[in-house]
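Structural overview
The residues making up each chain are set out below.
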Amino acid sequence: MASARTWIYNVFPSFHGGDIRKTFLSHLRKQFNSNGITMFDDQGIERSQTIAPALIQAIRESRISIVVLSKNYASSSWCLNELVEILKCKDVVMPIFYEVDPSDVRKQTGDFGKAFKNSCKSKTKEERQRWIQALIFVGNIAGEHSLKWENEADMIEKIAKDVSDKLNATPSKDFDAFVGLEFHIRELSSLLYLDYEQVRIVGICGPAGIGKTTIARALQSLLSSNFQRSCFMENVRGSLNIGLDEYGLKLDLQERLLSKIMNQKGMRIEHLGTIRDRLHDQKVLIILDDVNDLDLYALADQTTWFGPGSRIIVTTEDNELLQKHDINNVYHVDFPSRKEALEIFCRCAFRQSSAPDTILKLAERVTELCGNLPLGLCVIGSSLHGKTEDEWEILIRRLEISLDRDIEAQLRVGYDSLHENEQALFLSIAVFFNYKDRQLVMAMLLDSNLDVEYGLRTLANKSLIHISRNEKIVMHNLLQHVGRQAIQRQEPWKRHILIDADEICNVLENDTDARIVSGISFDISRIGEVFLSERAFKRLCNLQFLRVFKTRYDEKNRVRIPENMEFPPRLRLLQWEAYPRRSLSLKLNLEYLVELDMEGSLLEKLWDGTQPLANLKKMSLSSSWYLKKLPDLSNATNLEELDLRACQNLVELPSSFSCLHKLKYLNMMGCRRLKEVPPHINLKSLELVNMYGCSRLKSFPDISTNISSLDISYTDVEELPESMTMWSRLRTLEIYKSRNLKIVTHVPLNLTYLDLSETRIEKIPDDIKNVHGLQILFLGGCRKLASLPELPGSLLYLSANECESLESVSCPFNTSYMELSFTNCFKLNQEARRGIIQQSFSHGWASLPGRELPTDLYHRSTGHSITVRLEGKTPFSVFFGFKVFLVISPNHDAEETSNSPLFCPRIGKIGCSDDETPVYIIPKPRAEHLVMFHSDLHNKEKCHEVGNEILFEFSNISDTYEIIECGVRFYTDETGEISERRNEYEIDQVCEDENDWSYEFGPVEALECSKNNGHNDSLICTSNEDKIEANKYTDCWSWLIICFDVSHIVRSIGSLVWGGR
């Protein structure tokens, strides 16, 4: 890798001195010097026929090579040998075509070609071939063309910017193990705007342990060469001299900064204007790590202190601090993805990017416990390096209940800096309110002495919580551990929140004074049996938040409670998992209750009569299997969420349901005995309704015109409300496997997702073409559907699998991105088949029954592989596009399986890796099928040029399918841009052989015919005229086709808010 080398120069120039040394090159060198770019100077090296060892060394010690191809460049054997050497060892080559045409370089024509032919005289064939290949290669790389520039100075400025961008995009080897660094650098580079001549201050903000300091160090390593001076001030906040007053502290900070940046130890200054005096004419890069308010006033209060082009980078956990100092260019560091987090952990635990298979599950568990926080992943990973599996298990059990001391020490800094009111709010969120809605938390803490709005803003600014787009309060699980340990460090009599199970048992079973307690979080997983008296909670007169739950589920009831137990009078949160009584206590005061959560309870009813429920906002009774009816909810006028999932014995909703005008979310998934919903209730706030699996529900009434997502799959619904066409906010409609649905008369105009799979519909309404936002349409298993009308151009995915009556399809589909699945549609007529095969798309795929490739396909092969070669010596460029065709046949002798991955790698002679693998999901066919998909070579990050030969090799690891035939068509144009003349390269005909009616065969007949089809798995299609030695710069990447029915995966897009089914 280039980043693993030690670079002496930023740029090595290859040029013909007589053409440009005193003109273009001198101007380019001056611009590079101004931009802080170091360029090798060949003055003093004697030129000859053989390239000097000093030049070879300079090429290898330079990060980038610039090749200036001028009229007389090819007249010099020195230059040509230099070019060959550059291409041997350089990853980044930038050509400049100076007063020559790139095609003259590629083809060795014109004046450039004449000069080259003179150089070739008396040279061996091998040497001439090396030069030719080098010129072809460099001539195909996109570069600046001087004849297209009116102003040479502008071109030089552009070249310097491009070089600077490439230098900035390549981390040094010190940070090779930092997962995701390239993304951070790319994002920060756009904020730093290095070409901007004004001084710019940029903030890096994020929670402790996220990697801010490491990112800043990598930036300094990358950018310092572009500045006259640079320095990194580490942990500024934690290194203050506490014995000084404010003025003295500022002087001390400035002395330390100037000592570092001037490289003069022990500098002494007399006044606070010294930074301005010394640095106002210097282009500097200064990184201030972990600063506070005083640090910024002392070190970077004014941009006028620093010279033009200077950049000041500030890292902090406190976003409010950046706002206070008008630092508006801020990069917020996000948590790594799950995949990146696992790699971070593995690099520390195993010194490699992945875990051994034998311990992978444990590695994933530790990554989960660390909550994707890089600091935790590195500390815990390093501590597990070389440990046995038993030692891993011990540490995991410890991590589940406590936090590593080194991690806690760093994370506690933010908590310790808070005012006591914000500390109290932090602890409440850590124990009770993580992932709760912001407005719900405000209601919970309405009677507290806390300024909740200000407190939440403070915690968010200090990166201790995050408030998501949907207004959820999110605290990292390691910070939750910090909160719990902060509670455990308090003196027992000072604790407002109890979390220790033994302490809670002691308080509830004994006459202990606990009037100060406002919250109990009671994990009953590890306790013995506890018997509570009727007055156990009576003494907790200030208790507002009560959670009883199990972190390790079992069916044992460990807490015995009396029938009429007295609950605290002012409860706002009551969450009791698997509540053990048949009804709630009569002595439960509901007046102040904001949230009631009784998931998995034994409740048959909640309460009788009308109760004061004005504060109730959220109620969950999910998996309360014995619940037969809901209570009177007429006073729950502020209820927003009602979760009744899997209440299997619930038969109906009460008439008081019509009073819930603030209800937004209604989830009744799996209420199997629900027969009806009260009609004409028109709940004006209702947005999401999920009645998936309410299998006895025969009609869905007009309960709201504002619904945005409706799921009535697996129901007995026979028709849709007529008013549904007027539901202007409806985006997602799912009626999957509602087998009594026969007619859909109109489609709501604002839908983006429609699932009618496995219904009995015979016709799709013609007005579906007017649903201009529709993106996903499921029709699979609609066995009576005979035709498809014109569909909207917005459509991205169409599944019509197993539509056994489907004959006609309106084509073409007016979109360049399309996934078309007509698997097992054996009655498709010839016109429909032709339209699907001729469908032009730049991204996506299609499948349909068929056993032959298009007749006009030139690159084709029997079996599972094919090699495509270009004619002549021209290599594939990154601008080539491909359309791939496969004929696949199910192996009926193979073991039955629902999943069958079909891997489709493209391999070059030498190749390079590509981490991104597109996945095409194709349902399982019952006979031969034709599969088509498109891809291109746009992999600019990894390979800028490929060779002239690519091997496509397809394999099916489960042996469920055989690859009968494969074919490839490619297309491009001379300019390197994908041709708009797609018909010239795309299919213009399909097989119309009167004897080829395989698409009308059923699976049995098709199977009989397929037994006679031989195939050769190793045959490679080649041509004598196409054979040429491939360049070593060859692209390599993989496509993956997984052949199984995943309609349920895409279908889940429409019901993400409800979780997986």
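Conventions adopted
Each chain carries its own residue numbering, running from 1 in the written order of its sequence. A pLDDT threshold of at least 70 governs which residues receive local features in this predicted model, and a stricter bar of 80 or more applies before side-chain atom pairs are shown or counted, although totals over entire chains, interfaces and linings include all residues. Side-chain numbers come from the whole structure's heavy atoms, not from hydrogens or water. Only DSSP runs of H or I covering at least 4 residues are called helices, and only runs of E covering at least 2 are called strands; the numbering of each starts at the N terminus. Relative accessible area decides the class of each residue, using a 1.4 Å probe on protein chains only: under 20% of the type maximum gives buried, over 50% gives exposed, and in between gives partly exposed. The contact rule is simple, with two residues in contact once any of their heavy atoms fall within 4.5 Å. In this description, accessible areas are obtained by the Shrake-Rupley approach with a 1.4 Å probe, and a residue is regarded as covered only by the protein chains that are shown. Should a side-chain nitrogen of Lys or Arg be within 4 Å of a carboxyl oxygen of Asp or Glu, the pair is scored as a salt bridge. Residues belong to one nonpolar core when they are buried, are Ala, Val, Leu, Ile, Met, Phe, Trp, Tyr or Cys, and are joined through side-chain atoms within 4.5 Å. The aromatic pairing rule takes the rings of Phe, Tyr and Trp, using the six-membered ring of Trp, and pairs them if the centres are within 6.5 Å, calling planes under 30 degrees apart stacked, those over 60 edge-to-face and the rest tilted. Ring-over charges, as used throughout, are those where CZ of Arg or NZ of Lys falls within 6 Å of the ring centre and within 35 degrees of the ring normal. Exposure above 30% relative accessible area and the absence of a salt bridge qualify a residue for a patch, where like charges join within 9 Å and nonpolar side chains (Val, Leu, Ile, Met, Phe, Trp, Tyr) within 5 Å. We treat Lys and Arg as the positive residues and Asp and Glu as the negative residues; His and chain ends play no part in the count. Every charge is mapped to an atom, namely NZ of Lys, CZ of Arg, CG of Asp or CD of Glu. The arc in question is the one spanned by the directions pointing from the helix axis to the C-beta atoms. Fitted lines through C-alpha atoms serve as axes, helices being fitted only where they are in contact, and the angles separating the N-to-C directions of these axes extend from 0 to 180 degrees. Angular relationships are summarised with four words: roughly parallel below 35 degrees, roughly antiparallel beyond 145, roughly perpendicular across 65 to 115, and oblique for the angles in between. Think of it as three bins: nonpolar holds Ala, Val, Leu, Ile, Met, Phe, Trp, Tyr, Cys and Pro, charged holds Asp, Glu, Lys and Arg, and polar takes everything else, Gly as well. As used in this structure description, the phrase polar contact means that two N or O atoms lie within 3.5 Å; if the pair is within protein, one of them must be able to donate a hydrogen and the other to accept it, and residues adjacent in sequence are counted only when both atoms belong to side chains. Only when DSSP finds a minimum of two bridges between them are two strands counted as paired. Each crossing gets its hand from how the near helix is turned against the far one by less than a right angle, where anticlockwise is left-handed and clockwise is right-handed.

Under the annotation held in an unreviewed UniProt entry, the chain carries the name TIR domain-containing protein and is attributed to Arabidopsis thaliana.

As a further point, take the overall build of the chain. Helices and strands together make up the secondary structure of the chain, namely 28 helices and 41 strands. When each of the 1061 residues of the chain is scored for burial, the buried share is 54%. Within the chain, contacts between residues separated by at least 24 positions form 64% of all contacts whose residues are at least 6 apart in sequence. Put simply, the chain shows about 48,300 Å² of open surface, and 47% of that area lies on carbon and sulfur atoms.

This next bit is on the environment of Lys30. You can see Lys30 is positioned in helix H2 (residues 24-34). According to the relative accessible area criterion, Lys30 is exposed, its value standing at 66%.

On to the pattern of salt bridges. On inspection of all chains with the given rule, the structure shows 36 salt bridges. Between Glu802 and Arg926 there is a salt bridge; the shortest N-O distance is 2.8 Å. With a gap of 124 residues between them, Glu802 in the loop between strand S28 (797-799) and strand S29 (808-809) and Arg926 in the loop between strand S36 (919-921) and strand S37 (929-936) connect regions that are remote in the sequence. Looking at Arg926, the relative accessible area reads 30%, which means it is partly exposed. The structure contains a network of salt bridges with shared partners spanning Glu144, Lys158 and Asp162.

What follows covers the nonpolar core. Counting residues in each nonpolar core, the largest one holds 119 residues, and the members touching the most others are Phe522, Trp576, Met691 and Phe822. Broken down by element, this core gets its largest block of residues, 5 residues, from helix H24 (residues 501-509). Apart from the residues within four sequence positions on either side, Met691 is in contact with Leu666, Met668, Leu674, Val677, Leu697, Phe700, Asp711, Ile712, Ser713 and Thr715. Formed by 82 residues, the second largest nonpolar core is a distinct cluster that contains Leu181, Ile210, Ala363 and Val441.

Moving on, we come to the packing of aromatic side chains. Scanning the entire structure with this criterion turns up 20 aromatic pairs. Each member of the aromatic cluster is reached from another via a ring pair, and the members are Phe537, Phe567, Trp576 and Tyr579. Lying across the ring of Phe232, Arg217 places its NZ or CZ 4.1 Å from the centre. Residue placement shows Lys283 over the ring face of Phe227; its charged tip is 5.3 Å from the ring centre.

A cluster of acidic residues, Glu389, Asp390, Glu391 and Glu393, forms a negative patch at the surface. Mapped onto the elements of the fold, Asp390 is located in helix H18 (residues 389-401).

Next up on the list: helix H6 (residues 110-120). Along H6, the positions that sit buried rather than exposed are Phe112, Gly113, Ala115, Phe116, Ser119 and Cys120. One side of H6 carries all its buried residues, which in axial view fall inside an arc of 160°. Along H6, the residues that are exposed and aim more than 90 degrees away from the buried face are Asp111, Lys114 and Lys117. Elements in contact with the buried residues of H6: strand S2 (62-69), helix H4 (77-89), helix H5 (102-107) and helix H7 (125-139). Looking one or two residues beyond H6, the residue adopting positive phi is Ser122, at roughly 65°.

Okay, the packing of helix H20 (residues 420-433) against helix H22 (residues 452-461) next. Viewed as axis vectors pointing N to C, H20 and H22 meet at an angle of 80°, and their least axial separation amounts to 10 Å. Accordingly, the angle class assigned to the pair H20 and H22 is roughly perpendicular. Within the contact between the two elements, H20 uses Glu422, Leu425, Phe426 and Ile429 and H22 uses Val452, Tyr454, Gly455, Leu456, Thr458 and Leu459. Across the contact of H20 with H22, the residue classes tally to 7 nonpolar, 2 polar and 1 charged.

Owing to its 3.6 residues per turn, the α-helix brings residues three or four apart onto one side. Among the residues of H24, Ala501, Glu503, Ile504, Cys505, Val507 and Leu508 are the ones counted as buried. Contacts from the buried residues of H24 go to strand S12 (497-498), strand S13 (519-523) and strand S14 (530-531). For H24, the capping residue at the N-terminal end is Asp500, with a side-chain oxygen 3.3 Å from the backbone nitrogen of Asp502.

Here S13 lies mainly inside the structure; 5 of its 5 residues are buried. Of the two faces of S13, the one carrying Gly519, Ser521 and Asp523 and the one carrying Ile520 and Phe522 are both buried. Relative to S13, S12 runs parallel, the two being bridged by 2 bridges. Residue pairing for S13: Ile497 is matched across the bridge by Gly519. Pairing analysis gives 5 bridges linking S13 to strand S15 (residues 545-549), with the strands arranged parallel.

On to a nonpolar patch on the surface, then. Judged by side-chain polarity, Leu602, Trp625 and Tyr626 come together as a nonpolar surface patch covering roughly 290 Å² of accessible area. Looking at the element boundaries, Leu602 is found in the loop between strand S18 (595-597) and strand S19 (618-620).

The next point concerns the side chain of Ser76. The residue Ser76 is located in the loop between S2 and H4 in this model. Those residues within four positions of Ser76 in sequence are excluded, and the remaining contacts are His16 and Ser119.

Here we take up the sheet that holds S2. Spatial strand order, S1-S2-S3-S4: 4 strands in an open sheet with parallel pairing. Among the strands making up the open sheet, the edge pair consists of strand S1 (9-14) and strand S4 (144-145). Across 5 bridges, S1 lies against S2 in parallel orientation. Note on S2: the bridge partner recorded for Ser14 is Val67. Sitting on the sheet, helix H3 (residues 53-60) is in contact with S1 and S2, with an inclination near 130° to S1.

A few words now on a positive patch on the surface. On the surface, a cluster of positive charge is made up of Arg672, Arg673, Lys675 and Arg696. One can find Arg673 in the loop between strand S21 (665-667) and strand S22 (688-690). Residue Arg673 is classed as partly exposed on the basis of its relative accessible area, which comes to 41%.

In this section: the sheet that holds strand S5 (residues 200-205). With parallel pairing, 5 strands are arranged side by side in an open sheet as S6-S7-S8-S5-S9. The open sheet has two edge strands with one neighbour each: strand S6 (229-233) and strand S9 (329-332). Taken pair by pair, the neighbouring strands of this sheet meet at an average axis angle of 15°, ignoring direction. Pairing of strand S7 (residues 284-289) with strand S8 (residues 311-316), which is carried by 5 bridges, proceeds in the parallel orientation. The residue of S8 that forms the bridge with Leu288 is Val314. Sheet strands in contact with helix H11 (residues 246-261) are S6 and S7, and its direction is about 130° off that of S6.

All right, on to the packing of helix H15 (residues 338-349) against helix H17 (residues 374-384) then. Contact pair H15 / H17: the axes reach a minimum separation of 7 Å and the direction vectors enclose 35°. In this structure, H15 crosses over H17, and the sense of that crossing is right-handed. Contacts between H15 and H17 involve Ala341, Ile344, Phe345, Cys348 and Ala349 from the former and Pro374, Leu377, Cys378, Ile380, Gly381, Ser382 and Leu384 from the latter. In terms of residue class, the contact of H15 with H17 is made up of 10 nonpolar, 2 polar and no charged.

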